[in-house]
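Below, each chain spelled out in residue letters.
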Amino acid sequence: MRIKTGFNDGWYFHLGEIPADGREETEWRQVKLPHDWSIEYPLHEKQPSGGGGGFAETGIGWYRKTFTVPEEWADQKIELQFDGVYMDSEILLNGDRVGGWGYGYSPFSADLTGKVKAGENLLLVRVDNSRQPNSRWYSGSGIYRNVYLAVTGFLHIATEGIFAHVTRPSLREEPLADVPADSAGLTIRTEIQNETDAFRNVTVCHILLDAEGQKVVTAGAALQLEPHASGFCVAVPSVPNPVLWTVENPYLYTIHTVMEEKGNVLDETDTRIGIRTAVFDSDRGFLLNGEQVKIKGMCLHHDCGLTGAVGYRETWFRRLKKLRDMGCNGIRCAHNPPSSEFLDLCDELGFLVMDEIFDEWLLTKDKRKNYYSQQTAYGSAQFFSAHWRDDLGRMLRRDRNHPS
């Protein structure tokens, strides 16, 4: 089984620190995620966030939510998935710490398996954006991106565990062995996690669907997994007469993946892809599907005007549509990973994206001078040495299937 449900409703918020023994008496106000508390308060020139941070209210904030777990989830794997929390978060379930993350732009998960109880559970999220200034632009504060609750079995497809890439998408290239000249070769790599105590034998089947939902081709592989181990399998379907993804015609396919054991479906998921190659050539420049394309782009921060750090899909669609209409076909995500919804729209509208990860590494930029100085400063460098591999890996796994 696989359940992934939105977890944005039913939250309460309190600005300021609260004592552990006084949480029940704290005044909370109801909010709906995604939520940016900085945009809700008056701007003031003496705010420690400074001009780079928009003179916005920051500090420490708490979120609270109760949710009910059915008894049939007792033998399931349960994850709480955050698309982004700015910044330095701590997740508490029924009084115990179950996770959190420092860097404010990375997606992360809190494992609730074996920690939730049947019936009502209390979730608290502490967000610390008090060390200021920590950004050279408006960052916002709080759980500003979507939250999901994901439930799977203990034998399951790994989160972001499918990677599909093109081995020969252009009909103008020389055909590979066993790949017809009018076809594109796909390589689909799947990670399966076995969190049970037994050896398991599974089959993984991929069904490629076109933009209208019609089946194009299927391919599969078998895999044996040791107890409490991960494994990979690879399928290499040949796609007849592919419609290539271009900036003028951003055509999208969907891979429907089904994992079975002894004929029983244990897990299934969908992955959206575009069939294309992207090459930077020293003589010809940027080549998309072997054709020269001029990238005409601009930088975009993740903030969205009156909604602050909260970027609704409708907001981004309007902005990107206007950019496309004026001739823009490229976006640099300055200077951090964007939201998944943003990249989905870039896939659909035909943008080429430079997906960035950090504004700084070990050396922290002075946000008051917009560069380096001898003054003490805060920012992503606080977390870099401990977590840069995880941050980079999470961005790459999440975004690698986006044709944009």
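Higher on the page you've got the structure.
Residues numbered from 1 in each chain as written. Predicted model: local features only at pLDDT ≥ 70, side-chain atom pairs only at ≥ 80, totals over all residues. Heavy atoms only, no water.

## Section: helix α2 (residues 340–349)
- Taking burial as the measure, the 10 residues of α2 include eight buried ones, the bulk of the element.
- Those residues of α2 not exposed but buried are S340, E341, F342, L343, L345, C346, D347 and L349.
- Downstream of α2 by one or two residues, G350 has phi in the positive range, about 85°. (Buried < 20%, exposed > 50% of the residue type's maximum accessible area, 1.4 Å probe, protein only. Helix = DSSP H or I, 4+ residues; strand = E, 2+ residues; numbered from the N terminus.)

## Concerning the environment of S49
- Relative to the assigned elements, S49 resides in the loop between β3 (29–31) and β4 (59–69).
- Classification of S49 as buried rests on a relative accessible area of 3%.
- Not counting chain neighbours up to four residues away, the residues in contact with S49 comprise F55, A56, T58, Q132 and P133. (Contact = heavy atoms within 4.5 Å.)

## Digging into the packing of helix α1 (residues 313–325) against α2
- Here α1 crosses α2 at 40°, and the two axes come no closer than 10 Å. Judged by the sense of rotation from one axis to the other, the crossing of α1 with α2 is right-handed. For the pair α1 and α2, the contacting residues are R313, W316, F317, L320, K321 and R324 in the first and E341, F342, D344, L345, C346, E348 and L349 in the second. (Axes fitted to C-alpha atoms, helices over the stretch in contact; angles between N-to-C directions. Left-handed = near helix turned anticlockwise from the far one by under 90°.)

## Considering the sheet that holds strand β5 (residues 77–82)
- Overall, antiparallel pairing links the four strands, which are arranged β1-β10-β5-β8 in an open sheet. The strands lining the two open edges of the sheet, one partner per strand, are β1 (2–6) and β8 (108–111). Strand-to-strand, the axes of this sheet are offset by a mean angle of 20°, without reference to chain direction.
- Here six bridges tie β5 to strand β10 (residues 147–152), and the two strands are oriented antiparallel to one another. Directly across from K77, in β10, lies its bridge partner T152. (Pairing = 2+ DSSP bridges.)

## Remarks on the nonpolar core
- Core analysis: the largest hydrophobic core is formed by 41 residues, its most contacted members being W11, Y63, L80, F82, L112 and I143.
- Apart from the residues within four sequence positions on either side, L80 is in contact with F7, F108, S109, A110, L112, L123, V147, Y148 and L149. (Core = buried A, V, L, I, M, F, W, Y, C linked by side-chain atoms within 4.5 Å.)

## What about empty space enclosed by the protein?
- All told, the structure shown has three cavities of 30 Å³ or more when counted by the stated rule.
- Size it by volume and the largest cavity reaches roughly 120 Å³.
- If you trace the largest cavity, you find 17 residues lining it, with Y105, N134, W137, D359 and S380 closest to the centre.
- A breakdown of the residues in the lining of the largest cavity according to their chemical character gives six nonpolar, seven polar and four charged. (1 Å grid on protein atoms, 1.4 Å probe; cavity = no way out; pocket = protein on both sides within 12 Å on 5 of 7 lines; lining within 4 Å. Points joined across faces, edges and corners; volume = space filled by probe spheres on them. Nonpolar A, V, L, I, M, F, W, Y, C, P; charged D, E, K, R; others polar.)

## Topic: the layout of surface pockets
- If you add up the space inside the largest pocket, you get close to 1400 Å³.
- Take the lining of the largest pocket: its biggest share by element is seven residues, from strand β11 (residues 155–168).
- Looking at side-chain class alone, the lining of the largest pocket contains 14 nonpolar, 15 polar and 18 charged residues.
- In this structure, the second largest pocket spans a volume of roughly 480 Å³.
- Lining the second largest pocket are 24 residues; nearest its centre among them are L352, V353, M354, D355 and S404.
- Among the elements of the structure, β19 (278–281), β20 (285–288), β22 (297–300), β23 (330–333), β24 (352–354) and α3 (381–399) are those that each provide at least two residues to the lining of the second largest pocket.
- Residues belonging to the lining of the second largest pocket are distributed by class as follows: 15 nonpolar, four polar and five charged.

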